[in-house]
Amino acid sequence: VFGLICLGLSIWLIVEAMRFEYMLKFTPGPGFAPFWVGLLLGLFSLYLIVDSFLWNRRGRDEARVLPKKSALRRVGLIVLILVAYTAALLPAGFLLTTLALVFVLLYFLEEYSLGKSLLYSVAFGGGAFLLFQFWMEVDLPKSWLGLGF
């Protein structure tokens, strides 16, 4: 069913992309990206449809489809941590909350050592902050400390 929905969406994307110009002088026009996205989506959805029919012919294997309860609890915990990250983002700022997010995920969930967790959180959080704030000039949420991070 999902393959058929995606196939219909891909056909719609290609038809709508034809209404726009494909190329403008030396650059891709507004119809370029939707056309190729629709084409790739169509190919992947056709593969999904064909594979599902072949899978039914081969017979269903008895492998477990859903993850175990412990894995579902872990996913739920990650979602709760991301909700807390989102709630703390505006009052505490991007840098501090991102450092805390990466540290909590690595130290408590992945059970990295304290040193590795701190090092990776500073590297990732600092790198993301520098990338967005200075290179891409995105106005990130500032902390309540008013220090710009």
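Keep in mind it's a predicted model, so treat the numbers as computed, not measured.

1. Description of the overall build of the protein chain
- When helices and strands are counted, the protein chain shows five helices and two strands.
- Going from the N terminus to the C terminus, the protein chain shows its helices and strands as α-β-β-α-α-α-α.
- Relative to the 2.2 N^0.38 estimate, which gives 15 Å for 149 residues, the radius of gyration of the protein chain is 23 Å and therefore markedly larger than a compact globule would have.
- Over its C-alpha atoms, taken along the principal directions, the protein chain stretches across nearly 55 × 55 × 25 Å.
- Residue burial in the protein chain is summarised as follows: out of 149 residues, 23% are buried.
- Considering only contacts within the protein chain whose residues lie at least 6 apart along the sequence, 50% involve residues at least 24 apart.
- When the accessible area of the protein chain is evaluated, it comes to approximately 11400 Å², of which 74% is carbon and sulfur surface.
- Treating the 12 positive side-chain charges of the protein chain as one cloud and the 9 negative ones as another, the clouds have centres 8 Å apart.

2. A closer look at the pattern of salt bridges
- Inspection of every chain in the model, using the stated rule, returns three salt bridges.
- In this structure, R74 and E110 form a salt bridge, with 2.5 Å as the shortest nitrogen-oxygen distance. You can see R74 sitting in helix α3 (residues 69-92) and its partner E110 sitting in the loop between α4 (94-109) and α5 (114-135), a full 36 residues away along the chain.
- The partner of K142 in a salt bridge is D139, and the shortest N-O contact between them spans 3.3 Å.
- For K142, a relative accessible area of 37% translates into the label partly exposed.

3. Considerations on the packing of α4 against α5
- Look at α4 against α5: their axes get within 8 Å of each other, and the N-to-C directions meet at 145°. Of the two possible hands of crossing, α4 and α5 adopt the one that is right-handed. Residues F94, L95, T98, L99, V102, F103, L106 and Y107 of α4 lie in contact with α5, whose contacting residues are L114, S117, L118, Y120, S121, V122, F124, G125, G126, A128, F129 and F132.
- A breakdown of the residues in the contact of α4 with α5 according to their chemical character gives 15 nonpolar, five polar and no charged.

Rules used throughout
- Residues numbered from 1 in each chain as written.
- Predicted model: local features only at pLDDT ≥ 70, side-chain atom pairs only at ≥ 80, totals over all residues.
- Heavy atoms only, no water.
- Helix = DSSP H or I, 4+ residues; strand = E, 2+ residues; numbered from the N terminus.
- Rg over C-alpha atoms; globule rule 2.2 N^0.38 Å.
- Buried < 20%, exposed > 50% of the residue type's maximum accessible area, 1.4 Å probe, protein only.
- Contact = heavy atoms within 4.5 Å.
- Areas by Shrake-Rupley, 256 points an atom, 1.4 Å probe, with all protein chains shown as cover.
- Lys, Arg positive; Asp, Glu negative; His and termini not counted.
- Charge placed at Lys NZ, Arg CZ, Asp CG, Glu CD.
- Salt bridge = Lys/Arg side-chain N within 4 Å of Asp/Glu carboxyl O.
- Axes fitted to C-alpha atoms, helices over the stretch in contact; angles between N-to-C directions.
- Left-handed = near helix turned anticlockwise from the far one by under 90°.
- Nonpolar A, V, L, I, M, F, W, Y, C, P; charged D, E, K, R; others polar.

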